[in-house]
There are 2 protein chains.
Amino acid sequence: MPDDLPHTLHHPAPDEIQLPPVLHALSDPQRLHIVRELAASAEPRACGSIDLDVAKSTMTHHYRVLREAGVIRQERVGTTKLTALRREDIDQRFPGLLDAVLGSPVPA
Amino acid sequence: MPDDLPHTLHHPAPDEIQLPPVLHALSDPQRLHIVRELAASAEPRACGSIDLDVAKSTMTHHYRVLREAGVIRQERVGTTKLTALRREDIDQRFPGLLDAVLGSPVPA
């Protein structure tokens, strides 16, 4: 299992992704902002490249909540982490959910 | 404003309903159960009529989170509260969201 490697972060398998943690992960305006940015990006993004006006520890927390829920995939590359939306996994598991969330008005 | 009446509960107006609190309200398995039951019911339900194996105070909390987010409408009728899903309001504000949530596999 790749998860045994010390530098590999844990990600739930597609069929382990559960609705309540996904909804919880999406229920925060800052995490929603991250997800919108990732959805608009063709390539994985370096974490620091998405602007969030919060402390680094808060940012790390938000990424962890999204990753553990199965919403994003994070990969360590050298000293940075590349982040991508698990669009296919979420779409397959919860059809229409991401489209509805991403199509909704951005909170003021 | 009807909300000035002591026995009327506060509900956000349709255009005040925000995505993060709605997703938060839906992110709990017990609250999801309430929403699924309400969605399956043609008539408003009395709170006690939906089985949740939790303390009454927890149940009251769950209903309040759902109501304050704009997911359900609660109306005091005599000594009971009748509860209904605000299906039209949520569908209009976040098209496809409730369909995606209600169509998703029930957590084990």
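### A few points about the nonpolar core
At step 1: Formed by 54 residues in total, the largest nonpolar core has its most connected members in V22(A), V71(A), L97(A), V71(B) and L97(B).
At step 2: Among the elements of the structure, α1 (19-26), α2 (29-39), α3 (56-69) and α5 (97-102) of chain A together with α1 (19-26), α2 (29-39), α3 (56-69) and α5 (97-102) of chain B are those that each provide at least two residues to this core.
At step 3: Setting aside residues no more than four positions away along its own chain, V71(A) makes contact with V22(A), A25(A), L26(A), V35(A), L66(A), A84(A), L85(A), R86(A) and I90(A).

### Things to note about the sheet that holds strand β3 (residues 80-85) of chain B
Across a sheet, paired strands are connected by hydrogen bonds in the backbone, their directions being either parallel or antiparallel.
All names here are of chain B.
At step 1: The sheet built from three strands is open, its strands ordered β1-β3-β2 with antiparallel pairing. Every other strand in the sheet has two partners, leaving β1 (45-46) and β2 (72-77) as the edge strands with one partner each.
At step 2: In this sheet, β3 lies alongside β2 in antiparallel orientation, the contact comprising six bridges. Paired with R76 across the two strands is K81, which belongs to β3.
At step 3: Together, β1, β2 and β3 form the strand contacts of α2, whose direction differs from that of β3 by roughly 80°.
At step 4: The strands that α3 touches are β2 and β3; relative to β2, the one it contacts most, it runs at about 115°.

### Some remarks on the confidence of the model for chain A
At step 1: Residues of chain A with pLDDT of at least 70 account for 92%, and the chain-wide mean is 89.
At step 2: For this predicted complex, the interface confidence score (ipTM) comes to 0.88, while the overall pTM stands at 0.89.

### What to know about the relation of the copies chain A and chain B
At step 1: Overlaying chain A with chain B gives an RMSD of 0.0 Å, the required rotation being 180° about an axis along which the chain moves by 0.0 Å. Such a turn and shift between the copies fits a two-fold axis.
At step 2: Most of the interface of chain A is mirrored in chain B: 100% of its interface residues are interface residues there too.

### Describing the pairing of strand β3 (residues 80-85) of chain A
All names here are of chain A.
At step 1: As paired strands, strand β1 (residues 45-46) and β3 are joined by two bridges and run antiparallel to one another. Bridging across to β3, A46 finds its partner in L82.
At step 2: The antiparallel hairpin formed by strand β2 (residues 72-77) and β3 contains two residues in its connecting segment, where G78 sits at a positive phi of about 65°.

The rules we used
Residues numbered from 1 in each chain as written. Chains lettered and ligands numbered in written order. Predicted model: local features only at pLDDT ≥ 70, side-chain atom pairs only at ≥ 80, totals over all residues. Heavy atoms only, no water. Core = buried A, V, L, I, M, F, W, Y, C linked by side-chain atoms within 4.5 Å. Buried < 20%, exposed > 50% of the residue type's maximum accessible area, 1.4 Å probe, protein only. Helix = DSSP H or I, 4+ residues; strand = E, 2+ residues; numbered from the N terminus. Contact = heavy atoms within 4.5 Å. Pairing = 2+ DSSP bridges. Axes fitted to C-alpha atoms, helices over the stretch in contact; angles between N-to-C directions. pLDDT = per-residue confidence, 0-100. Least-squares fit on C-alpha atoms with pLDDT ≥ 70 in both.

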